[in-house]
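# Structural description and commentary
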Amino acid sequence: MLDRFRQALQRRLDTLTGQNTPQPAPVINLEYVDSLRTKGNAFLADEKLDAAEACFREALDHKKDDTRTLICLGYVLKEQGRLAEARIVLKRATNPVNTDPEVFEAFYLLGEICETQIDLEDAKKHFKSTLGLKPDFTRACEDVVRILRQQGRPKEAKEFLEEQVRLCPDNTDYRLMLAKACTDVFDFQGMVDHLMVAVARGVKDASINMLLGAALCRLEREDEARPYFEMAQAADPSVSHEVDYHRGYFYTRNGNARAAVELLDQSIKHKPDYLPAHSLLLLNLSHTAIELNRSYKEAAQQFARVAESTYLPLPTLPAEVVDIDTKVLRVGFVSGEFREHPVYHFLVGILEQIDKTRFHLVAFSNNQLDDAPTATFRTLFSEWHDVQHLNHAAVADLVREQRIDVLFDLSGHTGDARLPVFARKPALVQVAWLGYFASTGLTTMDYIIADAACVPKDSDEWFSEKVIRLPSTRLCMTTPRTTRPIPVTPTPCKSKNYMTFGSFQQAAKINSQVLRVWANVLESVPQSRLRIQNKALDSATIAN
């Protein structure tokens, strides 16, 4: 009671003395604030960060919530490495009630800081906030897409870019980015569509013509691709090796090894260190070297010379004395086939049987697109690293950091190959297996796992690796995974009175030697038939 009386008395006294009278707001000298900010920016241009910071802080003493000054101070603190302080300052600028149109820059700087601090979700959120205020800010869009790719979310990146194109239909940069995102999810028709829009709008760039030609080749439309390749070469002759490579890829997919090899030879002639052309050449020669009177071994050695001179081996690991009975071996697997692919059907059953108390399994996934089998693979490894966004040297460094004892390559010279990683010798023991049956050519690949059928005993001279033959087969089919029963029906030959043989191999694997063997089989089995099925036969040119 007495306290309330004292408080009331004090309020009355304050009123009589004028202390409760509202005071006028201090007058802000905006010209002076602007001059301080201008002076600070001059110091910033001269890289005098401390002097710039002092000017910006003095300006904020006069106008504490000035958006542009807060952004300038946040930038200086970021450049000084004082990231926590920078975040506090920039968050003052991003106050929800702030309507200054320049506030998008504060969100963008917050995104950069969060990415530096490996806080990718917050970084992505801030970059998207930047675009919400300034939809045509290309750099922020690029940052969102880059983060999504790093996170292994290419479908989400494509969907995000589709929305940005919808919001900014005249932004050619966004459309070109969307075209690239289409390739990440193997939507080559989408890539063509968006690039065509860019060309129709008058964009002239050799790289666009190159991309159009490559996408059309992937769509089995090589005739349509040629004019774009010609325009790309006319504008920039240095891309000739890429043109030959993409055309070689088309002929490889369609089973014309002779044409593919000629083009890939030209690609290598244009650019001798272009490793993708070397690998695709070897893939073709693995099926047709004898028929084309070419030496697979010599081509493999040429690949190795280029790869091993470009990607020099890491320092040799020091010797380690261990108890082999108790040591848990760290075993790594490098592949772009941790997805729906033959590797899935041959590898899962084996991984399930490995004793995880003796072997620590580490995946280095080069998948361009994950799917349901990828989720199964993830459960079978102790550690998983997505490396599709890393260059070869960075992947090798990651393998070394993981202290891998034995490193398996599961791709060889096929599409998602990472053999330059093995050229750096990041692991003590390196082994080729499963996804490719021929030699990698690398002197840094210690072993290749084979069997007597795929590598007869008199064939070791063709391998740079030491051949380890398993007693029965190098392949072990995983039992089909299904919750429903698989019906076993009578063999069709009983009702049709003839035997049907089938091949679902890629067209590239069907050469004249294979056809002669098949002809002998058909001739030996009266009235028998052969069904050949592969994607290349969708093309009328190939089918005929």
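Heads up: the structure comes first, above all this text.
First, a word on what this report is: a plain description of the structure on this page. Note that this is a predicted model, so its numbers are computed, not measured.

### Some thoughts on the pairing of strand 2 (residues 359–365)
- Taking burial as the measure, the seven residues of strand 2 include five buried ones, the bulk of the element.
- In the sheet, strand 1 (residues 329–335) pairs with strand 2 via seven bridges, with the strands oriented parallel. Bridge pairing links Gly332 to Val362 in strand 2.
- The parallel pair strand 1 and strand 2 is bridged by helix 18 (residues 342–353), and the resulting crossover is right-handed.
- As defined by bridge partners, strand 2 adjoins strand 3 (residues 383–386) across four bridges and the pair is classed as parallel. Among the inter-strand pairings, Phe364 is bridged to a residue of strand 3, identified as His385.
- Traced from strand 2 through helix 19 (residues 372–378) to strand 3, the parallel crossover comes out right-handed.

### Some points on the pairing of strand 6 (residues 447–450)
- Summarising the sheet, strand 5 (residues 429–432) and strand 6 pair through two bridges and their orientation is parallel. From the neighbouring strand, Val431 faces strand 6, where its bridge partner is Tyr447.
- Here strand 6 runs beside strand 7 (residues 466–469); their pairing, made up of four bridges, is parallel. Bridge pairing links Ile449 to Ile468 in strand 7.

### Let's talk about the nonpolar core
- In this structure, Leu285, Tyr296, Phe364, Leu407 and Leu442 are the most contacted members of the largest nonpolar core, which totals 48 residues.
- Where this core is concerned, the elements lending two or more residues are helix 14 (240–253), helix 15 (257–270), helix 16 (275–288), helix 17 (296–310), strand 2, helix 20 (392–401), helix 21 (419–423) and strand 6.
- Those residues in contact with Tyr296 that lie beyond four places of it in its chain are Leu282, Leu285, Ser286, Ala289, His413, Tyr436, Ala438 and Ser439.
- Counting 47 residues, the second-largest nonpolar core is a separate cluster that includes Tyr174, Met177, Leu216 and Ala260.

### Structural notes on the sheet that holds strand 7
- The seven strands lie next to each other as 3-2-1-4-5-6-7, forming an open sheet whose pairing is parallel. A strand with exactly one partner marks an edge of an open sheet, and here the two such strands are strand 3 and strand 7. This sheet shows a mean twist of 25° between the axes of neighbouring strands, independent of strand direction.

### Considering the side chain of Thr67
- Note that Thr67 resides in helix 4 (residues 67–79).
- Overall, Thr67 belongs to the buried group, its relative accessible area being 5%.
- Setting aside its immediate chain neighbours within four residues, Thr67 contacts Asn98, Asp100, Glu102 and Val103.

### Re the packing of aromatic side chains
- All told, the structure shown has 15 aromatic pairs when counted by the stated rule.
- Taken together, a centroid distance of 5.1 Å and an interplanar angle of 55° make the contact between Tyr108 and Phe137 tilted. Here Tyr108 is found in helix 6 (residues 104–116), whereas its partner Phe137 is found in the loop between helix 7 (120–133) and helix 8 (138–150), with 29 residues between them in sequence.
- On the basis of relative accessibility, which here comes to 5%, the residue Tyr108 falls in the buried class.
- A relative accessible area of 15% places Phe137 in the buried class.
- A cation over a ring is seen here: Lys134 above Phe104, with NZ or CZ 5.4 Å from the ring centre.
- Sitting over the ring of Tyr249, Arg218 keeps its end group 3.9 Å from the ring centre.

Cut-offs applied
Residues numbered from 1 in each chain as written. Predicted model: local features only at pLDDT ≥ 70, side-chain atom pairs only at ≥ 80, totals over all residues. Heavy atoms only, no water. Buried < 20%, exposed > 50% of the residue type's maximum accessible area, 1.4 Å probe, protein only. Helix = DSSP H or I, 4+ residues; strand = E, 2+ residues; numbered from the N terminus. Pairing = 2+ DSSP bridges. Right-handed = clockwise from strand over helix to strand, strands pointing away. Core = buried A, V, L, I, M, F, W, Y, C linked by side-chain atoms within 4.5 Å. Contact = heavy atoms within 4.5 Å. Axes fitted to C-alpha atoms, helices over the stretch in contact; angles between N-to-C directions. Phe/Tyr/Trp six-rings, centres within 6.5 Å; stacked < 30°, edge-to-face > 60°. Lys NZ or Arg CZ within 6 Å of the ring centre and 35° of its normal.

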